[in-house]
Amino acid sequence: MDEVRLKCDVLVIGSGAAGCRAAIEASEHSADVILTAKGVFGKSGTTNLACVVYDAALGHSDPNDSPQIHFEDSVVYSRFLANQELVRIFTWGAPKTVYDLERYGLPWYKTEDGRFYQLNSPGLRYNRGVHYNESTGKKVQTALVRELRRPSRRNVRIVEDLFIYRLLMRDGRVNGAVGFDLQQDRFFVIQAGSTILATGGMGMAYSVTDMEAGACGDGLYLAYEAGADLMDMEMHQFFPTAFVYPESLRGVIVTSSQLWKMGMKLYNDRGERFMARHFPDECEDVPRDILSRRIFMEVAEGRGSPHGGVWADTTDIPAFDDFKKDRPRTYVWKEKFGVKTDRFEVAPTYHYTLGGIRIDAGARTKVPGLFAAGEVTGGIHGANRLAGNALPECMVFGEIAGNNATAECRTELPPDEQQVAMAKSKVLELVSGGEAGEIPYASIFKRTRRLLYDKAGIIRTGESLKEAAREIEEIKGLLPRLRSGAGLSGKFAMARALETEMIVRLGELVINSSLMRTESRGAHFRTDFPETSPAWLKNIVVHWTGEEARYTTTPVELKYLKPGEALRDVKSANLSV
Ligand SMILES: Cc1cc2nc3c(=O)[nH]c(=O)nc-3n(C[C@H](O)[C@H](O)[C@H](O)COP(=O)(O)OP(=O)(O)OC[C@H]3O[C@@H](n4cnc5c(N)ncnc54)[C@H](O)[C@@H]3O)c2cc1C
C-alpha cells in the first residue's frame, strides 16, 4: 500500500459533535488542524442520530431552573459516581454552547416571544432541553460542519474515510497516529503536536444497539494502548424502549423519553401494566436503567411479547396524532415497516457508553499530548446519564480540548519509524492468506457482541460474569489467528477485523470491572449484590502497563454535593429495583 505523510499542530480523531467543536476551537487559536472521520465527514458518528433534547439551564421555559439545579440533577442521576468537577464545568458551560450553535446556524425551536422552547425528560426537575424537533443531533452536526466549511476555517484539513488504529509515541508523549484509507490503497502517517480523541462510544460491542455501525470503542482502545486510564468500564446505558419488530428495526429507539411522561403505558403479554406493580406513583416515569431492567425481567420471566419485548401503548397520550406528525422519523416513517404506532413491541437497546477515558478538567488524559472529549470519555455521567446531557457535554469539553491541545502542542517530535513499520505490518498480516487455522473476524465479532449483551448487559450475576470472563479469555486466544478478506471491500473487512480485536479487549475490561463492583448502582445491576453500597462510592480505573491490565479503585470526591444533601436524593434512593 502507498503511504501519505502529514503534519499538523492538532490532530482531532473523530468528527462528531465533540471532534468538530474541538477543531473549531483549535482553528480559532490559529492551530494547523487535521480533522478525521471513519466514514463520510458530517455523516459518520452517533451525533447525527441524536433525537431531541439538548440540556442547558437557560431558564426560558421555567425560570426556576439554573446550572446549580442542572448540576444537582446530573450528580444525583449519576448515582453520585460522576466526577463533580467535570459536571460543574459542563452544567455551567452548557448555556453558552446553545448560543454558539445558534451562531453556527442552528435554528433552535423558540416560542413566539423569541425564548428557547425547552422540554422535560425523566430526571429533570425543570424543562431544560432545547431542541429542533426530533432532528436535534442532525442539526447540531450540520451547524458544526457549516462552520468548519467557512473560508476562515481553512486551517482545518478534513480527512474522511480514514481509519486511525494506532497512536504514535515518542519520549512518553503521543506525537501522532497511523491509519489507513477506507477507499484507496494507502496508509496515513500523521505527525501531530497534540492529539484529541473524539471517537464516540462502543455500542457495537453489544449485539443490540441504536448506535452507528462504527461505534466500536476505537478511541478507548487507542488511549488504553497508549497507557491512559479508562474508568467506569462496567457502566453502560441501555435505552428502555427500542423497537424489537420487524427485525429490520430491532434496536432502533422509539423517541422519546418524554413519552414516558406523556402517558405511554407498558404492558406485558398478559395485559398487565407491570410498572404500576413496582412503582404505583411513577409507573413508566422512572430513570432509564430502572425501566430497562424491569422490561428485561418481564421478558426473562416469560411474560414478554411474541418477539421478545413488551407492549408499548400510546392510546392514552393526549393528542398523540399531533405529536406523531411532529416526529415523522419515529412514527410516520416506521408505519411503512408495518409498525402500528398505537401499540408496538419494545425492549432495551445499548444506547450510551458511560465509562471511558479518564480526563482532568482540561480534557487532558494521563498521557502527555493526548486529550479526549465527548462520549469517548468517562466520569461526567457516572452510573447513569440524563437524557439531553450528552450533546452539550461534547460541546463544552470539545471546546476545552481544542483550546488546551493548541496551547500545549509540541510539534518537533517526528514519528518513530519502528512504530510506523509495526503498525503497518499489523494490518498487512490481517489480510487472509487462505491458510489453515485462520479464523474469519466475523464469527468472533458476532460471538463477542452476543456474549457482552447476554452476560455483561442489563442484568448481571457473579456467575454469568465469571462465565463471560472464561469465554473472553478463550476468544482472546483466537485473536492471533483472526483474518480479514482481501480487495477493496477488504478495507472495510480489515477495519472490522481491527475493531473486532478492540471490542474483545475492551470487553474483557467491561467484564472484569463488572465483577469487581460487588454492588448495584445505576446502569450496573447485579442480582447477587442488588443493593447500592456506600463503600462503593469509588471509580474503578484500569490502565495497560505494557504487559497487563491493572485495576485500581479511587474514591469519588464529593466536592460539592454529598448523598442526602440533594433535593431529589430521597426520591431517587427509593427507586432502586
Ligand atoms: C439513537 C440515539 C439518540 C440520542 N439522542 C440524544 C439526545 O436526544 N440528546 C443527547 O444529548 N444525546 C443523545 N444521544 C447521545 C449522543 O448522540 C452522543 O453521545 C454524541 O453524539 C456523541 O458524540 P461524539 O462526538 O462523542 O461521537 P460521535 O458523534 O459518535 O462521533 C465519533 C466520530 O469518530 C469517528 N471515529 C470513530 N473511530 C474512528 C477511528 N478509528 N478513526 C477515525 N475516526 C474515528 C467517527 O467516524 C465519528 O466521526 C443519542 C444517541 C443515540 C444513539
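Look up a bit, the structure's there.
Residues numbered from 1 in each chain as written. Predicted model: local features only at pLDDT ≥ 70, side-chain atom pairs only at ≥ 80, totals over all residues. Heavy atoms only, no water.

Trainee: Before we move on, can you summarise the site of the ligand with the specific residues and values?
Mentor: Taken together, 38 residues sit near the ligand, with T46, T47, V53, D218 and E375 positioned nearest. Residue C51 places a main-chain N or O atom 3.1 Å away from a nitrogen atom belonging to the ligand. A class-by-class count of the residues in the shell around the ligand yields 19 nonpolar, 14 polar and 5 charged. (Near = heavy atom within 4 Å. Polar contact = N/O pair within 3.5 Å; in protein donor to acceptor, adjacent residues only side chain to side chain. Nonpolar A, V, L, I, M, F, W, Y, C, P; charged D, E, K, R; others polar.)

Trainee: Would you mind going over the side chain of Q84 in detail, with residue names and values included?
Mentor: Within the secondary structure, Q84 sits in helix 3 (residues 84-103). Q84 sits in the buried class, given a relative accessible area of 1%. A polar contact is formed between the side chain of Q84 and the backbone nitrogen of K559, at a distance of 3.4 Å. Residues within four places of Q84 in sequence aside, it is in contact with F71, V75, E557, L558, K559, Y560 and L561. (Helix = DSSP H or I, 4+ residues; strand = E, 2+ residues; numbered from the N terminus. Buried < 20%, exposed > 50% of the residue type's maximum accessible area, 1.4 Å probe, protein only. Contact = heavy atoms within 4.5 Å.)

Trainee: So, the sheet that holds strand 14 (residues 356-357): which residues are in play, and what are the values?
Mentor: Spatial strand order, 14-9-18-19: 4 strands in an open sheet with antiparallel pairing. One side of each edge strand has no neighbouring strand; the edge strands of this open sheet are strand 14 and strand 19 (549-555). Strand direction decides the pairing type here: strand 9 (residues 230-231) and strand 14, joined by 2 bridges, are antiparallel. Directly across from M231, in strand 14, lies its bridge partner G356. (Pairing = 2+ DSSP bridges.)

Trainee: Describe in detail the packing of aromatic side chains, supporting the description with residues and values.
Mentor: Here the structure, examined in full by the defined rule, presents 14 aromatic pairs. Pairing F243 with F344 gives two aromatic rings, centres 5.4 Å apart and planes at 45 degrees, and the pair type is tilted. Here F243 is found in strand 10 (residues 236-243), whereas its partner F344 is found in strand 13 (residues 343-353), with 101 residues between them in sequence. In this pair, the class of F243 matches that of F344, namely buried. By the ring-pair criterion, three or more aromatic residues cluster together here, those being Y206, F238, Y350 and Y453. Positioned over the ring face of Y132 is K139, at 4.6 Å from the centre of the ring. Sitting above the plane of the Y352 ring, R385 keeps its charged end 4.2 Å from the centroid. (Phe/Tyr/Trp six-rings, centres within 6.5 Å; stacked < 30°, edge-to-face > 60°. Lys NZ or Arg CZ within 6 Å of the ring centre and 35° of its normal.)

Trainee: A description of the sheet that holds strand 11 (residues 265-267) should follow, citing residues and the corresponding values.
Mentor: If you trace the 4 strands from one edge of the open sheet to the other, you get 10-13-12-11, paired in antiparallel fashion. The sheet is open, and its two borders are formed by strand 10 and strand 11, each paired with just one other strand. Going across the sheet, the axis of each strand differs from the next one's by a mean of 40 degrees, ignoring polarity. Pairing of strand 11 with strand 12 (residues 310-313) involves 3 bridges; the strand directions are antiparallel. By the bridge assignment, Y267 is partnered in strand 12 with W311. In the packing of helix 8 (residues 288-300) onto the sheet, contacts are made with strand 10, strand 11, strand 12 and strand 13, and the angle to strand 10 comes to roughly 60 degrees. (Axes fitted to C-alpha atoms, helices over the stretch in contact; angles between N-to-C directions.)

Trainee: Could you give an account of the pattern of salt bridges, naming the residues involved and the relevant values?
Mentor: Inspection of every chain in the model, using the stated rule, returns 55 salt bridges. Between R21 and E399 there is a salt bridge, and its shortest N-O distance comes to 3.2 Å. Of this pair, R21 sits in helix 1 (residues 17-28) while E399 sits in helix 11 (residues 390-407), and the two are 378 residues apart along the sequence. Across the pair, E399 and R21 agree in class, each one buried. E147 is paired through a salt bridge with R150; the nearest N and O atoms lie 2.9 Å apart. A relative accessible area of 3% means that E147 is categorised as buried. The partly exposed category is assigned to R150, whose relative accessible area is 40%. The network of salt bridges with shared partners includes R21, E25, K96, D100, R103 and E399. (Salt bridge = Lys/Arg side-chain N within 4 Å of Asp/Glu carboxyl O.)

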